[in-house]
Amino acid sequence: MKRRDFLKNSALASSVMFAPSFVNAANNLVFTNTGQKRLVIIQLSGGNDGLNTVIPVDNDIYYKNRPNISIEKNKALHLSDTISLNPNLIGLQKLYDKGNLCIINNVGYPNPDRSHFRSTDIWQTASDSNQFFKYGWVGRYLDQNAKFAYQAIELDDSLSLALKGKELNGIATKNPEAFFKASNDPFFNQLLRQKTDVHLSEHNLGYLYKTMTDAKSSAKYINEKNTIKDTRITYPNSNFGKQLKTTANLINSNINTQIFYTSLDGFDTHVNQEKRQGGLLKTYAECLEVFVNDLKQNGTFKDTLILTFSEFGRRVSQNAAKGTDHGAANNVFVVGDELKKQGFYNDLATLEDLDDNGDIKYDIDFREIYATILNKWLNVDDTAILIKKFNSLDFI
Amino acid sequence: MTHKELRHLFSRAGFGIKPKELHKLAILEKTEVVKLLLKESQTITDLKIDLSKFESVDIKNLKQDKALAIKLRQESRKKLRPYNIAWIDRLNNPKERLRERLTLFWANHFVCRDSNIIHVQKYNNTLRTHALGNFRAFTKAISKEAAMIKYLNTKQNKKAKPNENFARELMELFTLGIGNYSEADIKASARAFTGYSFDYWGNFKLIEKHHDFGDKTFFGNTGNFDGDAIIDLILDQKSCAEFICTKIYKYFVNYEVNKTHVNQMVEVFFPVYNIETLMQFVFNSNWFYNEEHIGTKIKSPVDWLTSINQIVPIKFKKQKQLLNIQKMLGQILLFPPNVAGWEEHQSWIDSNTIVLRLKLPVLLLQKTTIPSTLTIDFPDLKTSYFNTFPDWEEFQNAYGSIDNSNLLDYILNCRISPKLKALLKSQQNLNSEDYVIQLLSLPEFQMC
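Residues numbered from 1 in each chain as written. Chains lettered and ligands numbered in written order. Predicted model: local features only at pLDDT ≥ 70, side-chain atom pairs only at ≥ 80, totals over all residues.

An unreviewed UniProt entry annotates chain B as DUF1800 domain-containing protein originating from Aurantibacter aestuarii.

In the annotation of an unreviewed UniProt entry, the entry for chain A reads Twin-arginine translocation pathway signal, and the organism field reads Aurantibacter aestuarii.

Have a look at this one:
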């Protein structure tokens, strides 16, 4: 066989073999498992500046500390007499007006770390700032409550620490169809067919074969779900829009997945913040609005909770380059239907009492939010997953 | 030495071995081969890229010219990419194999991340310099590296307000392991590392007014200890040698620790801490070649890349793609996830990375004559995505004389099941280039 033939037969053939009949087969499946609760996590990577997101428009300290980058009251989107939203967050304002948004202010953790990587790890593993956990909090959810890897899906090429568990890892896939094709080429299948007990008895090689089997079945399952209800709604043409679109497709097809993980990157605005952050927030709010509408039209919004966080907020004072440096506590958004607490969960920081770095101190430990969602929404043992007991909050 | 033993030794102590050298060394005794391996690494070749732009800067001017400083910082960060590529290139063509292997190991022990290219390069070469040296001198040198002083906040560690970050990680991750010290020990040792700083070139300097010259009580000893004295006191604990030997055993021998073997290593290592002597002991010991260690380790992404390059060297037209591959496989050199480093072992493999690892050889080694309209959709990768130049000529030079039926003995280290053997046998009529792509696409190729 010539190389070209070999390639055609093994790897390349998959795209040819991908037949539409497969879609019909999936359509005939009967779904009984309705009404299960789902969590969609949105990570704003890089450290979103919370103060220019939810703006204390009546606070002189805010304007004094940010002579060049503060947002004037008359330009911001009105929420209350004292608080407005960044002008790019129209979609979020609509959710607020409908009572679908709860803003939790001053969220953080003790001894905050200002490194992106470290603070991201802390948020993703739910550790203390001086602990190093090997597994993420979603991974531990899977370990204790799931049977299949696909019960947590990250809409990306690679898997975040958040979704890594000891027994089960979540699945990372940006494009379910591509993932399916890759795991379904003839060579891959041939390898799996020759798998024997010998393989499985060998510790590490066995682990590889087991992971291949998992990948194959998950890829097939996720791809089936993704093709059942391809939404007709148009999403903004961005990577983040695609992530939410795929998430909506999967949720609307009633996939047996409880946690979805998405992210929007680029919030590290040390220089000329206004334009950059504005663009990103616009993408965020526009996509989120379409996503919620998509779920509403399919009747799945009532069972979906959307959590948005960033690894840290930014310094109260602007820096010399019309930007802001890494800070500490920040706001977190919870979007859902029939929220127990609509609007604001707690007050904004007064900005009078900052920490030694000039950053906002935390009032609410982010793990209290995780605990609340795990316990009240996903109905699982939050203490076992978070390895510690945290207060339960009252937003759902 | 048998072929199998040689392949095992060179995949763990180096980055693989080609048939020609394998045949040459096979007539020697184990001790002789190990001696040659050590001798080869007597020299040190620093890894350097062109930094003339940063070296010609007028430092005095930099303090006044804020805009220039910002510009320089941005350009410095951009240089991490070519330095990463240069490192990968070095691993693909190492002169001092054992030294480079240990440099890679220590980089995931003394984990550090920085964006100043001068300091990053200096740090990397400090790892290389001490890789086979004395662990005492090594640890002291690391504590004074500019990149480390920044990474673990020793720079913010001042007499008036100590920062415990470095002191804590020094004991928890670099020397003793958790549970072998108290919080009071951390507080005392943090005071000893106060006033640490560095200049533009990354040379260490002690800021005396920030250094705490007072007495400290550490591990039951009281005295005016400085950082070096603290490191000596830590290394006087045998548990430090145990911690390091366990880590070396897990990386070079087996992730499942054999206490007896590790204890033998500790007796060799403690109290002098000579790394070369320790490695010589490991590679000369009979147990290193036990069946249960051979081909049972999962390759890291970097091991995976270098082991492919040992067989078919690959050049990338766009260097960015080589970084992308590292990212997708979960290990970008110079960008460790946190101070604990990469987890290694099974954590390299998840549903995505396994599918990708089995797919990439085809994508990387194909000839460009394949029509790009036939796309392979691995997450956003098209056949046309990778623009590579596989050096098939070099493959033919090194492996061309070996028949397909024997090729797997030169490429796979782990045990092959009869079923897989049968499957491969049915493919042996392929030309050797196509056949080798198949071998590189096997789960078994992920093992070393």
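Let us keep going from here.
Glancing now at the overall build of chain A. In terms of regular secondary structure, chain A is built from 14 helices and twelve strands. The proportion of buried residues among the 396 residues of chain A is 52%. (Helix = DSSP H or I, 4+ residues; strand = E, 2+ residues; numbered from the N terminus. Buried ≥ 20, exposed ≤ 12 C-beta atoms within 10 Å, placed from the backbone.)

Right, let's talk about the overall build of chain B for a bit. Each helix and strand counted, chain B has 24 helices and six strands in total. Taking 22 Å as the expected radius of gyration for a compact globule of 448 residues, we find that chain B reaches 24 Å, a close match to that expectation. Expressed along its principal axes, the backbone C-alpha trace of chain B runs to roughly 75 × 55 × 40 Å. The proportion of buried residues among the 448 residues of chain B is 44%. Taking all contacts inside chain B whose residues are at least 6 apart in sequence as the whole, residues at least 24 apart take part in 72%. (Rg over C-alpha atoms; globule rule 2.2 N^0.38 Å. Contact = placed C-beta atoms within 7 Å.)

So, about the sheet that holds strand β4 (residues 83-85) of chain A. Judged by pairing direction, the sheet is antiparallel, and its three strands sit side by side in the order β2-β4-β3 (chain A) without closing on themselves. Edge strands, defined here as strands with exactly one partner in the open sheet, are β2 (54-56) and β3 (77-78) of chain A. (Pairing = 2+ DSSP bridges.)

What follows concerns the packing of helix α7 (residues 176-183) of chain A against helix α10 (residues 203-228) of chain A. Residues and elements named next belong to chain A. Direction vectors running N to C along α7 and α10 enclose 145°, while the axes themselves pass 8 Å from each other. Once α7 is placed against α10, the crossing between them reads as left-handed. Facing Pro176, Glu177, Phe179, Phe180 and Ser183 of α7, the residues of α10 in contact are Ala215, Lys216, Ala219, Lys220, Ile222, Asn223 and Asn226. Residue classes in the contact of α7 with α10 are distributed as six nonpolar, three polar and three charged. (Axes fitted to C-alpha atoms, helices over the stretch in contact; angles between N-to-C directions. Left-handed = near helix turned anticlockwise from the far one by under 90°. Nonpolar A, V, L, I, M, F, W, Y, C, P; charged D, E, K, R; others polar.)

This paragraph deals with the domain arrangement of chain B. Residue and element names in this part refer to chain B. Considered domain by domain, chain B is made up of domain 1 (1-40), domain 2 (52-235) and domain 3 (301-446). With centres defined by C-alpha atoms, the gap from domain 1 to domain 2 works out at 35 Å. Opposite the six residues of domain 1 that make contact, domain 2 presents six residues. Tallying contributions element by element places helix α3 (residues 30-40) first for the side of domain 1 that touches domain 2, with three residues. Of the residues belonging to the side of domain 1 that touches domain 2, the class tally is four nonpolar, one polar and one charged. (Domains from an automatic or database assignment.)

On to helix α20 (residues 351-365) of chain B, then. Counted at 1.5 Å a residue, the expected span for α20 of chain B with its 15 residues is 21 Å, and the 23 Å between its end C-alpha atoms agrees. Within α20 of chain B, 13 of the 15 residues are buried, which leaves the element mostly enclosed by the surrounding structure. (Expected span 1.5 Å × (residues − 1).)

Residue and element names in this part refer to chain A. Considering the arrangement of structural elements, one finds Ser129 in the loop between α5 (116-125) and α6 (137-145). Distance in space between the C-alpha atoms of Ser129 and Phe344 is 27 Å, their sequence separation being 215 residues. Apart from residues no more than four positions distant in its own chain, Ser129 is found in contact with Tyr109, Pro110, Asn111, Pro112, Asp113 and Ile122.

Moving on, we get to the nonpolar core. Residues and elements named next belong to chain A. Counting residues in hydrophobic clusters, the biggest one holds 223 residues, and the most contacted among them are Ile104, Val138, Tyr261, Leu307, Val334 and Tyr370. The leading source of residues in this core is helix α12 (residues 273-297), at ten residues. What Tyr370 contacts, discounting residues up to four positions off in sequence, is Ala126, Trp137 and Leu386. (Core = buried A, V, L, I, M, F, W, Y, C linked by C-beta atoms within 7 Å.)

So, about the confidence of the model for chain B. Low pLDDT marks regions whose predicted coordinates should not be analysed in detail. All names here are of chain B. Looking at chain B as a whole, its pLDDT mean stands at 92, while 96% of the residues score no less than 70. Long-range and interchain partners of residues 368-383, a stretch whose pLDDT sits below 50, account for 38 contacts in this model, where long-range means more than four residues apart. Two numbers describe this predicted complex: its pTM, 0.81, and its ipTM, 0.90. (pLDDT = per-residue confidence, 0-100.)

Pro271 of chain B follows Phe270 of chain B through a cis peptide bond whose omega is 0°. By the secondary structure assignment, Pro271 of chain B is in the loop between α16 (259-269) and α17 (275-284).

Okay, the packing of α10 of chain A against helix α11 (residues 239-252) of chain A next. Residues and elements named next belong to chain A. At a minimum axis distance of 7 Å, the contact between α10 and α11 shows a crossing angle of 90°. With respect to each other, α10 and α11 are oriented roughly perpendicular. Counted together, Ile222, Lys225 and Asn226 of α10 and Thr246, Asn249 and Leu250 of α11 form the full contact between these two elements. Each residue belonging to the contact of α10 with α11 can be placed in one class, and the counts come to two nonpolar, three polar and one charged. (Parallel < 35°, antiparallel > 145°, perpendicular 65-115°, else oblique.)

Here the focus is the confidence of the model for chain A. With 90% of its residues at a pLDDT of at least 70, chain A reaches an overall mean of 88. Across residues 1-34 of chain A, confidence stays below pLDDT 50; counting only partners more than four residues off in sequence or on other chains, it has 44 contacts.

Our focus in this paragraph is the environment of Ile222 of chain A. Residue and element names in this part refer to chain A. With respect to the element layout, Ile222 can be found in helix α10. Since 24 C-beta atoms lie within 10 Å of it, Ile222 is described here as buried. Separated by 22 residues in the primary sequence, Ile222 and Leu244 place their C-alpha atoms 15 Å from one another. In contact with Ile222, not counting residues within four places along its chain, are Tyr150, Ile153, Ile171, Thr173, Pro176 and Leu250.

Residue and element names in this part refer to chain B. Position of Ser432 relative to the elements: it lies in helix α24 (residues 432-440). Overall, the presence of 17 C-beta atoms within 10 Å leaves Ser432 in the partly exposed class. Contact partners of Ser432, with chain neighbours within four places excluded, come to Gly400, Asn404 and Leu407.

Right, let's talk about the pairing of strand β8 (residues 259-265) of chain A for a bit. Residue and element names in this part refer to chain A. Burial analysis of β8 places six of its seven residues in the buried class, which makes it a mostly covered element. Two elements, strand β1 (residues 38-45) and β8, share seven bridges in a ladder whose sense is parallel. Residue pairing for β8: Val40 is matched across the bridge by Phe260. Two strands pair when backbone bridges link them, and strand β6 (residues 152-154) and β8 are joined in this way by three bridges, in the parallel orientation. The partner of Ile153 across the bridge, within β8, is Phe260.

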